[in-house]
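# Tertiary structure, described
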Amino acid sequence: MDVLDQMKLQAAERVAQYADEMHRESQREGSFVHACRATINNRRLSPCDSNRAMLESLLNPAEEPSAKLYIALAEQFPDRFTWESQKAQPTKEEQRAEFDAFARKNNFSGCEANFELFKRGASIENFASASQAEQAAYAEQANLQRTKWLRTEASPLELRAEARYEAQTQLAASQQAQADASLQAQKERDQHLGFKPLPAHIDRKALIKASKDELRKWSRLYGQFQLNTALRAQQ
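Each residue is numbered by its place in its chain's sequence as written, counting from 1. Totals for whole chains, interfaces and linings use all residues, but because this is a predicted model, local features are given only for residues with pLDDT of at least 70 and pairs of side-chain atoms are given and counted only at 80 or more. To obtain the side-chain values, all non-hydrogen atoms of the structure were used and water was disregarded.

## Details of the packing of helix α7 (residues 156-190) against helix α10 (residues 224-233)
Axis separation between α7 and α10 bottoms out at 8 Å; the angle between their running directions is 140 degrees. When the axes of α7 and α10 are compared, the pair comes out oblique. Judged by the sense of rotation from one axis to the other, the crossing of α7 with α10 is left-handed. Note on element contacts: α10 touches α7 through Q224, F225, N228, T229 and R232, opposite Q176, A179, D180, L183, Q186, K187 and D190. Here the contact of α7 with α10 is built from residues that sort into three nonpolar, five polar and four charged. Orientation is described by lines fitted to C-alpha atoms, with helices fitted over the stretch in contact, and by angles between N-to-C directions that extend from 0 to 180 degrees. A helix here means a DSSP run of H or I that spans at least four residues, while a strand means a run of E at least two residues long, and both kinds are numbered starting from the N terminus. Orientation categories follow fixed angle ranges, with anything under 35 degrees roughly parallel, anything over 145 roughly antiparallel, 65 to 115 roughly perpendicular, and all other angles oblique. Definitions for this section: a left-handed crossing has its near helix turned counterclockwise from the far helix by less than a right angle. A right-handed crossing has that turn clockwise. Working rule for contacts: check all heavy atoms of both residues, and any pair within 4.5 Å makes them a contact. Amino acids outside the nonpolar list (Ala, Val, Leu, Ile, Met, Phe, Trp, Tyr, Cys, Pro) and the charged list (Asp, Glu, Lys, Arg) are all regarded as polar, and Gly is one of them.

Printed below as a string of structure tokens:
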């Protein structure tokens, strides 16, 4: 594997890792929000950072966060959490505003079916995803809010951190776009050259471990497109 292929592979892996982390963060956030909305022995968990950190610390290594599990942990270890006294039932307008913020944060649809699930405290896997139009609206609103924050509220330290994050994100996206374009070009070039189908045992693990001579041999037999597709298949 040459240096360019390694760079492309590393860029694709960073993008995949970032997407996985965003999914896990969304799952943690949704589980915590729903746990805080549940009534547990006539009171509710305070939606503070210390409660969220405590719940996450109580998870076993193999456990995935869920509202049901968080509620069970709060019932089991009540003295470890900060609690709020029972409040009056929120109005429908307040519930709707809370739901809209929840839907935007987790990229869910703002439809009535989701609103009913939210009021019942349903698990996040039951919610319908946002439509393309809703996703575009969420993205536009988030961009406007971010621009306002950068212009009026962010400190110099936060501005520098945002600049670094944006540069890294753009670099990863650029590298991914280059990798995609290169793969498409390889596909168009290889499809007319009559390469053999790639055997199943030549997968990503085998390609990473292969010597330069083996990679050159496989490239002649199966074409670079099939090899690079296998490299990306299990990321």
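Structure's up, so let's keep going.
## Let's talk about the packing of aromatic side chains
Planes of paired rings set the category: under 30 degrees apart is stacked, over 60 is edge-to-face and the rest tilted, where pairs are Phe, Tyr or Trp rings (Trp by its six-membered ring) whose centres lie within 6.5 Å. Counted according to the given criterion, the structure contains six aromatic pairs. Judged by centre distance (5.2 Å) and plane angle (15 degrees), the rings of F108 and F127 are stacked. Of this pair, F108 sits in the loop between α4 (92-106) and α5 (112-120) while F127 sits in the loop between α5 and α6 (132-152), and the two are 19 residues apart along the sequence. For the exposure calls, accessible area comes from a 1.4 Å probe over protein chains only, and a residue counts as buried if that area is under 20% of its type's maximum, exposed if over 50%, partly exposed in between. On the basis of relative accessible area, F127 is assigned to the buried category, the value being 6%. Among the aromatic residues, those joined into a ring-pair cluster are F99, F102, F108, F115, F118 and F127. Look at NZ for Lys and CZ for Arg. If either is within 6 Å of the ring centre and within 35 degrees of the ring normal, a charge sits over the ring. In this structure, R37 packs its charged tip against the face of F118, placed 4.2 Å from the ring centre.

## Observations concerning unusual backbone geometry
Located in the positive-phi region is N107, a residue other than glycine, with phi close to 60 degrees. When you line up the elements, N107 lands in the loop between α4 and α5.

## Structural notes on the nonpolar core
Ranked by size, the top nonpolar core spans 15 residues in total, and within it L45, L55, Y70 and F81 carry the most contacts. Per-element accounting of this core gives the leading share, four residues, to helix α3 (residues 67-76). Sequence-distant contacts of F81, defined by excluding residues within four places in its chain, comprise L45, N51, M54, L55, L58, L73 and A74. In terms of nonpolar packing, the next biggest core, distinct from the first, is built from 12 residues, A103, F115, A122 and Y138 among them. The set of buried Ala, Val, Leu, Ile, Met, Phe, Trp, Tyr and Cys residues whose side-chain atoms join them within 4.5 Å is what this entry labels a nonpolar core.

## Overview of α10
Taken together, the buried positions of α10 are occupied by L227, N228, A230 and L231. For α10, the angular spread of the buried residues around the axis is 155 degrees, confining them to a single face. Throughout, the arc means the angular range of directions from the helix axis out to the C-beta atoms.

## Let's talk about the confidence of the model for the protein
The predictor attaches a confidence to each residue, and that confidence, scored 0 to 100, is pLDDT. Overall, the prediction assigns the protein a mean pLDDT of 82, with 87% of residues at 70 or greater. Of all the helices and strands in the protein, helix α1 (residues 3-37) carries the lowest mean pLDDT, 69, while helix α2 (residues 49-57) carries the highest, 92.

## What about the state of the cysteines?
Any two cysteine sulfur atoms within 2.5 Å of one another count as a disulfide. Using the criterion set out here, one finds zero disulfides in the structure. Counting only cysteine sulfurs, C48 is the nearest neighbor of C36, a cysteine outside any disulfide, at a range of 7.5 Å. Overall, C36 belongs to the buried group, its relative accessible area being 9%.

## A word on α2
Those residues of α2 lying buried are N51, R52 and L55. The buried side chains of α2 occupy one side of the element, clustering within an arc of 100 degrees when seen end-on. Facing away from the buried surface of α2 by more than 90 degrees, the exposed residues are D49 and S57.

## What to know about the pattern of salt bridges
Salt bridges, as used here, are contacts in which a Lys or Arg side-chain nitrogen is within 4 Å of a carboxyl oxygen on Asp or Glu. This structure, assessed with the given rule, holds eight salt bridges. Salt-bridge contacts for R52 lead to E56; the nearest nitrogen and oxygen are separated by 2.9 Å. Pair noted here: R52 and E56 are both in helix α2, with a separation of four residues, about one helical turn. Look at E56 and you get partly exposed, because its relative accessible area is 28%. Salt-bridge contacts for R146 lead to E166; the nearest nitrogen and oxygen are separated by 3.5 Å. With R146 in helix α6 and E166 in helix α7, the pair connects residues that are 20 residues apart, well separated along the chain. Taken together, the shared-partner salt bridges in this structure form one network comprising E29, R52 and E56.

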